[in-house]
Amino acid sequence: MKIAIDAMGGDLGSSPLILGSSDAYREFGIEPALVGDKAHLESAIKELGVTDVPFRIVHAPDMISMHDAATDVRKKKGSSVWLATEILREGQVEAAISAGHTGAAMASALLVLGRLPGVDRPAIAAVLPHLTGAFVLVDAGANVDCKPVHLLQFARMGYHYARTALSLETPRVAILSNGEEESKGNDLVREAHELLKGSGLPFIGNVEGKDLFRGAADVVVVDGFVGNVVLKTSEGLAEAFFSMIRQAASMTTLSRVGGLLMKPSFRSLRKKTDYAEYGGAPLLGVNAPFFICHGRSDRRAIKNAFRVARDVVREKMISKIAREMSPEKTG
């Protein structure tokens, strides 16, 4: 399997992108295509000591920085994210990954790949952990302003992604609101609730924020503004939680001993709540498997993004979503 990565994107530079790609090759047998400045990438590969990996390098003379506007991809069609998307459209690779400018990545995917029939707005589907497993949050940041029909589409796409990502036969779908009662929520939530009730999906109603991480639902539908706040808040809370544990465990001799005894358990918990374990988030609703990663993705996160992309390709998820979102089926 061949997967492309925007090797010039990401807050930490090219090194974790190259190393994560090399790990994906060694562990999963995925052939990585690095898209970026050829001279820079060749030098980095040599410096990192991964010359044994059969990288394909696709030269991109330009890149989108975090200071550029998302729409700048139209003017920078030689950028790494644009070219990674182009070789995906041409069938040279089976999926593409970017940890760079999120807006530019989404714009490239929309402009180059196009939307699936029946999809008004593609959405980011993020996998987040809960007490006994994980759930899919959709939309996690692609669409700030939404209509009720958009949330219905997010639910349909998220349902099919959850079947692949979470290995669930019938994922439970819910909408995030400020109360469990059907009457709660703003106009968007209440109207979307009515659409979801008649959608044929296994819709279980509203869930509150306090229930997200208790496993109340397998797919939680939100607009992109709320979804991104939930995503960033959960990441910040996890980091703060483990910082407080470290501080508490170092206060006294007894707490230090207890901390040492609990270290394996804390390590396991840390792994479960680490976004790096879940790799990239697919942009659901475009015509090919395209994945968006956290800007701070490290080597492990990139390796896992390749793994997630591989699973989505193997499960032919884009074709499944295309069938379910076709105008004939959705009415």
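Refer to the preceding data block for the structure.
Notes on the structure in this doc start here. Remember, predicted model here, so these are calculated numbers, not experimental data.

1. Things to note about a nonpolar patch on the surface
For step 1, the next point in the chain: On the surface, Val144, Phe225, Val226 and Val229 cluster together to form a nonpolar patch covering roughly 330 Å² of accessible area.
For step 2, the next point in the chain: Along the chain, Val229 turns up in helix H7 (residues 224-249).
For step 3, the next point in the chain: Residue classification places Val229 among the partly exposed residues on the basis of a relative accessible area of 43%.

2. Brief notes about the side chain of Thr85
For step 1, the next point in the chain: Within the secondary structure, Thr85 is located in helix H3 (residues 80-89).
For step 2, the next point in the chain: Since its relative accessible area comes to 0%, Thr85 is described here as buried.
For step 3, the next point in the chain: Apart from residues no more than four positions distant in its own chain, Thr85 is found in contact with Ser108, Ala109, Val112, Leu113 and Phe290.

3. Remarks on helix H9 (residues 299-314)
For step 1, the next point in the chain: The end-to-end C-alpha separation of H9 is 23 Å, in line with the 22 Å expected for 16 residues at 1.5 Å each.
For step 2, the next point in the chain: Of the positions making up H9, those classed as buried are Ala301, Ile302, Lys303, Asn304, Ala305, Phe306, Val308, Ala309, Arg310, Val312 and Val313.
For step 3, the next point in the chain: Near the N-terminus of H9, the side chain that reaches the backbone nitrogen of Arg300, with its oxygen 3.2 Å away, is that of Asp298.
For step 4, the next point in the chain: Positive phi appears at Lys316, one or two residues downstream of H9, with a value of about 55 degrees.

4. Describing the pattern of salt bridges
For step 1, the next point in the chain: Within the structure shown, the criterion is met by 15 salt bridges.
For step 2, the next point in the chain: The residue Lys76 makes a salt bridge to Asp68 at a minimum N-O spacing of 3.1 Å.
For step 3, the next point in the chain: For Asp72, the salt bridge identified is with Lys75, shortest N-O distance 3.3 Å.
For step 4, the next point in the chain: The buried category is assigned to Asp72, whose relative accessible area is 13%.
For step 5, the next point in the chain: Here the residues in one salt-bridge network are Glu182, Glu194 and Lys197, joined through shared partners.

Parameters and conventions
All residue numbers here refer to positions counted from 1 along the written sequence of the relevant chain. Local features in a predicted model are, by the rule used here, given only for residues with pLDDT of at least 70; side-chain atom pairs are given and counted only at 80 or more, and totals for whole chains, interfaces and linings are based on all residues. Based on all heavy atoms of the structure, the side-chain values leave hydrogens and waters out of the count. Only residues whose relative accessible area exceeds 30% and that form no salt bridge enter a patch; like-charged residues are grouped when within 9 Å of one another, and nonpolar side chains (Val, Leu, Ile, Met, Phe, Trp, Tyr) when within 5 Å. Surface accessibility in these figures is a Shrake-Rupley result with a 1.4 Å probe; residues are shielded only by whichever protein chains are displayed. Salt-bridge detection follows one rule: a side-chain nitrogen of Lys or Arg within 4 Å of a carboxyl oxygen of Asp or Glu. Secondary structure follows DSSP: runs of H or I at least 4 residues long count as helices, runs of E at least 2 residues long count as strands, and numbering of each begins at the N terminus. Classification of residues uses two cut-offs on accessible area relative to the type maximum, computed with a 1.4 Å probe and protein chains only: under 20% is buried, over 50% is exposed, and between them is partly exposed. A contact between two residues is defined here by any heavy atoms of the two lying within 4.5 Å. Multiplying 1.5 Å by the helix residue count minus one yields the expected span of that helix. The term polar contact refers here to a pair of N or O atoms within 3.5 Å; inside protein, the definition further demands a hydrogen-donor-capable atom paired with an acceptor-capable atom, and it admits residues adjacent in sequence only when both atoms are side-chain atoms.

Shape is all these values report; function is a separate question.
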